[in-house]
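This is what each chain is made of:
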Amino acid sequence: IDDANAMYFRPEGAALVLHGHHAVDALHELAATLAAEHGSPVLVHAADLRERDAANALVAAAVEHFGRIDGLVNAAGVQRGSLALTRADDEWDALLDVNVVALDAACRAALAHMLPRRAGSIVNLASIEGLEGMRLAMPFALRGIDSDNGSEFINEALVKYCKEHDVEFTRS
């Protein structure tokens, strides 16, 4: 989760796993600050969630360290500065890998531990581009979905599934 979310949840007593692919030193600094101010340890886990097994490893580390996983906040997302119609295929793939594929993998990994307990909470954060097209976003008519809108399709399916299993799911 990002700094603002970590600063919010830690005083509430949540045991946190801070994850990131870039700026891992900043995560360690944040963990040290949170531990000093609020007392309990914070686990830092660095991995690239675009790699398929990384989400499972992240959740496994959380479960091993804290005994269970009660919540997941997906706050990662990227946008490239290129125009949609001139965007290279590898840029599009990178957008989907972070904004859709990694989000889906993290949700599935967390749900594997939440569903048997019939407890947990998932919050997926997205940008405004998931709700309305922006100048740089791929027009829906040309691509069907853009990377933020793709996360909304995942969100809709997860809302229904989680509700059936008493797992709270929030999208923002």
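Residues numbered from 1 in each chain as written. Predicted model: local features only at pLDDT ≥ 70, side-chain atom pairs only at ≥ 80, totals over all residues. Heavy atoms only, no water.

For this particular structure, what's the right way to read the side chain of D48?
Its place among the elements puts D48 in the loop between β2 (43-46) and α3 (54-66). A distance of 2.7 Å separates polar atoms of two side chains, one belonging to D48 and the other to R50. (Helix = DSSP H or I, 4+ residues; strand = E, 2+ residues; numbered from the N terminus. Polar contact = N/O pair within 3.5 Å; in protein donor to acceptor, adjacent residues only side chain to side chain.)

For this particular structure, what's the right way to read helix α4 (residues 89-114)?
In an α-helix, one turn spans 3.6 residues, which is why side chains three or four residues apart end up on the same side. Between its first and last C-alpha atoms α4 spans 36 Å; for 26 residues at 1.5 Å apiece the expected length is 38 Å, and the two agree. Remark: the principal bend of α4, roughly 40°, maps to D97. (Expected span 1.5 Å × (residues − 1). Bend = angle between axes of the 7 residues up to and from the residue.)

Hey, could you run me through the pattern of salt bridges in this one?
Note that side chains of opposite charge can pair when their charged atoms are close. Per the stated rule, a full pass over the model turns up 4 salt bridges. Among the salt bridges present, the one from D48 reaches R50, with a minimum N-O distance of 2.7 Å. For D48, a relative accessible area of 13% corresponds to the buried category. We note a salt bridge from R108 to D104, for which the minimum N-O separation is 2.9 Å. (Salt bridge = Lys/Arg side-chain N within 4 Å of Asp/Glu carboxyl O. Buried < 20%, exposed > 50% of the residue type's maximum accessible area, 1.4 Å probe, protein only.)

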